[in-house]
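# Coordinate analysis (summary)
Single-letter residue listing:
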Amino acid sequence: MSTSDLLELNPGGVSLSQLRCIYTGTDQVFLTAEAWRAIEASQKLVAEVLAQGTTVYGINTGFGLLAQTRIPDDKLHQLQRNLVLSHSAGTGDLLDSQLARLIMCLKIISLGRGYSGVRAIVVEQLLQCINKGITPCIPVKGSAGASGDLAPLAHMTMCLIGEGDAFRNGVRMSARQALSESGMQPLELGPKEGLALLNGTQVSTALALAGLFGAEDLFSAALVAGAVSIDAIKGSIAPFDPRVHAARGQPGQIKVAAKVRSLVEGSDILASHIECDRVQDPYSLRCQPQVMGACLDQLQQTANTLAIEANAATDNPLIFTDAVISGGNFHAEPVAFAADNLALAVAEIGALSERRIALLVDPKMSGLPAFLVQNSGLNSGFMIAQVTAAALASENKSLAHPASVDSMPTSANQEDHVSMATFAARRIQEMNANSRGVVAIELLSAVQGIEFHAPFKTSDKLQLVVDKIRELVAHYDTDRYMAPDIESASALIAAGYFRQSCLDILPSSAVERETNAAV
């Protein structure tokens, strides 16, 4: 195995770019030596508590409302097993294997901080599952985001103890069979280990990270599509003047304006109307730096929060050298807020893109053929594609309603305020898909519009986009089945094709930037 297939996890210092690699790739993972030492030291502290006979929550007591119940030492293994079985109460479709893999890695990172008191063999079991292609079957629904993602993490833990179902190299089977075929044995959980595995925000955080990575790809495509639309509509580049944006000082706005200027630089189309009498463009063209820049700032803030959370110790209680402290790091409010803010950005990216589509198909606003097709009337062109974009953008307005403002008490009012972070993060994937459809339609529309300006050409950078779209989708010269065209453009966005254009401004791409600079 080459070193490029190995990814070292340094708990407390795992980067967003590494997490993206874990989510999108198949690299094998391993822990630093320092992390193993921290795990062993923490477990020794738990052993000392047991040897002293002290009653400590989570180690030798019940859970939640039953925290006052002392459990006999000879029942502690059964206590942890019962906890996992009873809490595996999720419903709905299963999370995909890439998400399950990311969840397990986040749990390894959390345990690797050395505050959880688990034995090294527990972390080794998680690592072996990942590296041998075993992922647990985790239902998507059942977590309220406090006290941690209990139900989905219980389903994750079921795999470790040989219960429930799992996927091995993409094939579903019993977890016991998956372990057996990989030369592994079911794990018997020791004191506190079930609780350490079930407590935590790893599912909410993994879902939010997946949403962030998808939103970055979406943002990149929308920024490029907006630049193509400027040329298609013969918009002005004057509003992107750096002095305008420096006068305000918002960092995302400055970056977006610079990126658009670089994308359209050298355009023959732009030069062809430099002396035109149009005074101002509509906001969806002119205010792209202000709106997309604000979206970029939200992506950055979300990334900052999730980078911290991905490296956090979020189970309960936490084991310190001088105390075992029961706190509340499992409460996922930071993740819920981050996901809610990300939802706003995703919705606005789609909403702005839809408005540019509306400009493109309107001959009074664009100067292009009605609905971007010759012989309109006989041909409807992009008429209903714009309706689809409007429907998708509208749907995202409802989905963008903040989840974090809701709370329902659980566990007999012991857990009387919860974050709803898991749903807050989970809906981002659906929102990304909706906005991705909108931006796909804009790309098709804007490229169609560019071609009506021949023999004038767009910039070299944007011509690459035109050429790529035309590799997948032919020019729309007469009405045809349009859904496959939209799907092809949407798949291009989802595959991250446009990401390369924005690597220098995306929150999670630091390592990619370094690699490309070296090349």
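Described in the following lines is the structure provided in the data block. Keep in mind that what you see is a predicted model, and the values were worked out from it rather than measured. Think of each chain on its own: its residues are numbered from 1, step by step along the sequence as written. Selection of residues for local features in this predicted model requires a pLDDT of at least 70, selection of side-chain atom pairs for listing and counting requires 80 or more, and totals for whole chains, interfaces and linings are taken over all residues. Note that the side-chain values use all heavy atoms of the structure and ignore hydrogens as well as water.

What follows deals with the nonpolar core. Core analysis: the biggest nonpolar cluster contains 154 residues, and Leu19, Leu197, Leu209, Phe219 and Val439 have the highest contact counts within it. Counting residues per element, this core draws most heavily on helix 9 (residues 202–232), at 20 residues. Between two residues, a contact is recorded if the distance between any of their heavy atoms is within 4.5 Å. Apart from residues lying up to four places away in sequence, phenylalanine 219 is in contact with Val256, Met292, Leu296, Leu299, Ile349, Ile505 and Leu506. Note on terminology: a nonpolar core comprises buried Ala, Val, Leu, Ile, Met, Phe, Trp, Tyr and Cys residues joined through side-chain atoms within 4.5 Å. Each residue is placed in one exposure class: buried if its accessible area under a 1.4 Å probe, protein chains only, is under 20% of its type's maximum, exposed if it is over 50%, and partly exposed if it falls in between. Counting five residues, the second-largest nonpolar core is a separate cluster that includes Val46, Val49, Val56 and Ile59. Under the scheme used here, helices are H or I runs from DSSP no shorter than 4 residues and strands are E runs no shorter than 2 residues, and both carry numbers assigned from the N terminus.

Moving on to the sheet that holds strand 7 (residues 171–174). Criterion used throughout: strands pair if DSSP finds at least two bridges between them. Spatially, 4-6-7 is the arrangement adopted by the three strands of the open sheet, whose pairing is antiparallel. Strand pairing shows two members of the sheet lacking a second neighbour, strand 4 (134–136) and strand 7, which therefore form its edges. In this sheet, neighbouring strand axes are inclined to one another by 35° on average, regardless of whether the strands run parallel or antiparallel. Two elements, strand 4 and strand 6 (residues 165–168), share three bridges in a ladder whose sense is antiparallel. Residue pairing in the sheet places proline 136 in a bridge with alanine 166 of strand 6. Where helix 4 (residues 97–111) meets the sheet, it contacts strand 4 and strand 6, and its direction lies at approximately 90° from that of strand 4. Axis lines are fitted to C-alpha atoms, over the contacting stretch for helices. Their N-to-C directions set the angle, which ranges from 0 to 180 degrees.

We now examine helix 3 (residues 76–87). For helix 3, with 12 residues, the first-to-last C-alpha span of 17 Å sits near the 16 Å given by 1.5 Å per residue. Here helix 3 has its buried residues at Leu76, Leu79, Gln80, Leu83 and Val84. Buried positions in helix 3, seen along its axis, are confined to an arc of 130° and lie on one side of it. For helix 3, the elements touching its buried residues are helix 2 (33–52), helix 6 (150–160) and helix 8 (193–198). A helix's residues, less one, multiplied by 1.5 Å, set its expected span. In this description, the arc belongs to the directions extending from the helix axis to the C-beta atoms.

The next thing to look at is the packing of helix 4 against helix 9. Contact geometry for helix 4 and helix 9: axes closest at 9 Å, N-to-C directions at 125°. In terms of their interaxial angle, helix 4 and helix 9 are classed as oblique. For helix 4 against helix 9, the interelement crossing comes out right-handed. The segment helix 4 lies against helix 9, with Leu99, Leu102, Ile103, Leu106, Lys107 and Ser110 engaging Gln202, Val203, Thr205, Ala206, Leu207, Leu209 and Ala210. Charged means Asp, Glu, Lys or Arg here, nonpolar means Ala, Val, Leu, Ile, Met, Phe, Trp, Tyr, Cys or Pro, and polar covers whatever is left, Gly included. Considered class by class, the residues forming the contact of helix 4 with helix 9 number nine nonpolar, three polar and one charged. Here roughly perpendicular refers to angles of 65 to 115 degrees, roughly parallel to angles under 35, roughly antiparallel to angles over 145, and oblique to all remaining angles. Left-handed describes a crossing in which the near helix is turned anticlockwise from the far one by less than a right angle; the clockwise case is right-handed.

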